[in-house]
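Each chain is listed here by its residues.
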Amino acid sequence: MDLWGDVVELAEKYDVAIIGAGVIGLFTAYLLLEKRLSVVVVEKNSRPGQEASTRNANVIHVVQTPFNSLKSRLCIEGNILHKRYSEIIGYRLEPLDTLLVTRGMKGAVIGRIAYWLLKRYRNWGFKVEKLSRQKIREVEPLISRDVDYAVLVGGYGIVDSRELVDKLEKTARSLGASFMYNNEVDRVEVDRSSRIRLGTKQGGEILAKYVVNSAGLYADRVAGLFGDKYSIKPVKGVMALYRDIRVENIIASAIVAGRKKTKGGGIIPQLDGRVLLGPTYEEASSRSDYYYTRESLRALEEKFRPLLRDDMGEPVEVVVGLRATTSWRDYIIEYSRAVGPRVVHLVGIESPGLTAAPAIAEKVVYMLLGDT
Ligand SMILES: Cc1cc2nc3c(=O)[nH]c(=O)nc-3n(C[C@H](O)[C@H](O)[C@H](O)COP(=O)(O)OP(=O)(O)OC[C@H]3O[C@@H](n4cnc5c(N)ncnc54)[C@H](O)[C@@H]3O)c2cc1C
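Calculation criteria
- Residues numbered from 1 in each chain as written.
- Predicted model: local features only at pLDDT ≥ 70, side-chain atom pairs only at ≥ 80, totals over all residues.
- Heavy atoms only, no water.
- Core = buried A, V, L, I, M, F, W, Y, C linked by side-chain atoms within 4.5 Å.
- Buried < 20%, exposed > 50% of the residue type's maximum accessible area, 1.4 Å probe, protein only.
- Helix = DSSP H or I, 4+ residues; strand = E, 2+ residues; numbered from the N terminus.
- Contact = heavy atoms within 4.5 Å.
- Expected span 1.5 Å × (residues − 1).
- Axes fitted to C-alpha atoms, helices over the stretch in contact; angles between N-to-C directions.
- Parallel < 35°, antiparallel > 145°, perpendicular 65-115°, else oblique.
- Left-handed = near helix turned anticlockwise from the far one by under 90°.
- Nonpolar A, V, L, I, M, F, W, Y, C, P; charged D, E, K, R; others polar.

Section: the nonpolar core
And step 1. Ranked by size, the top nonpolar core spans 47 residues in total, and within it Val16, Val23, Phe27, Ile333 and Ile360 carry the most contacts.
And step 2. For this core, the secondary structure elements donating two or more residues are β1 (12-19), α1 (23-34), β2 (39-42), α2 (70-90), α5 (161-174), β10 (205-213), β18 (340-347) and α8 (353-369).
And step 3. Ranked by residues supplied to this core, first place goes to α8 with 11 residues.
And step 4. Non-local contacts of Ile333, meaning those with residues more than four positions away in its chain, are made with Leu70, Leu74, Val344, His345, Leu346, Ile349, Ile360, Lys363, Val364 and Met367.
And step 5. Core analysis: the second largest hydrophobic core is formed by 28 residues, Ala208, Val211, Ala284 and Ala324 among them.

Below, the structure written as structure tokens:
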């Protein structure tokens, strides 16, 4: 496909410029290259995926609440697409189940409600099973004796997001993508012929027919360069990695209530044999607040320690990620109001963005090119 014809210009020109080399920008680049478009990915860091795309829990989810949200639909689609793309692109994807566990009488009531709710969505293709006390221990021998109710939800997966990002970048490169690292987009001009000129702080100049804003935490600022208004609030997630525990499944508490800081999260086996606890859910003071406190680690331990029989030992690594949340609390995937359908903004791509990434990318390609 040649979208440029005979236009003469000194700046590098591309069919599509993608701002941000996270998992969303890279999947989008890959799918556009498959359509034989020329693609440049502009990234302010020196490598791909230095932000949320490698500072996450590595889980490929099956569904997301609220069930009727855009993020839930793209999560379900993304879960299926990862199976296909992991084979084509060559990143590891290990299947695993989640045990939604509870303790005590109150817990059992909540567990039964969770089971009933999930059963209603079983036709989305994942297994939901209520486990007896004995079966819980067969499935997960290291679970605490206090856990007396569990719902098993099948269809989850685990990836190594660093491997996924690197393989995607390599594949996109082999298909002809250009990458401009250490280049932060800080200027946008749209001329009358609808060409879009992007300028970077470091002096880079690009001309593109289409632009995809997949700038993660900064997608609101990038949208602002086009004249569009959004507001992102970073929310911190602290995750602790342990070497001395072994679990076969993701273990999550069905009781979501409790301290806001520890809402959600789980005990999550990783591909490298370590086990991740978390993430927490904490206010971040800025978009570069990657700091954690002892209190965050203590909160994780207090929440998850009672679910296991053995001692967890000390964490061997702590990873902090920042979620790009908006007050809308769902994904915003739309054309620029100021510029029109040549620019697509992706705003508020928080969890499960790693799962939804291939489905988001397919949606963006469709928005730009239709059914070509
Ligand atoms: C703690 C935590 C745990 C999570 N766990 C999971 C999970 O287990 N499963 C799941 O499915 N999802 C999870 N997520 C969500 C998932 O990680 C994100 O939704 C996903 O990585 C978002 O990808 P992205 O490409 O939009 O953003 P990013 O990875 O942040 O990429 C955006 C890129 O844009 C670049 N950029 C920004 N501004 C500019 C500019 N002006 N010019 C050039 N480049 C720019 C940035 O440097 C960055 O590299 C988690 C997130 C967090 C924070």
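Structure shown, so let's carry the discussion forward.
A look at α1
And step 1. The end-to-end C-alpha separation of α1 is 17 Å, in line with the 16 Å expected for 12 residues at 1.5 Å each.
And step 2. Counted residue by residue, α1 has 11 buried out of 12 residues, so it is predominantly covered.
And step 3. Along α1, the residues classified as buried are Val23, Ile24, Gly25, Leu26, Phe27, Thr28, Ala29, Tyr30, Leu31, Leu32 and Leu33.
And step 4. Once α1 ends, the next one or two residues include Arg36, with phi positive near 65°.

Digging into the packing of α1 against α8
And step 1. Where α1 meets α8, the closest approach of the two axes is 8 Å, and the angle between their N-to-C directions is 45°. By the angle between their axes, α1 is oblique relative to α8. Viewed along their axes, α1 and α8 form a crossing whose handedness is right-handed. The residues of α8 that touch α1, namely those facing Val23, Ile24, Phe27, Thr28, Leu31 and Leu32, are Gly353, Leu354, Ala357, Pro358, Ile360, Ala361, Glu362, Val364, Val365 and Leu369.
And step 2. Tallied by class, the residues present in the contact of α1 with α8 amount to 13 nonpolar, 2 polar and 1 charged.

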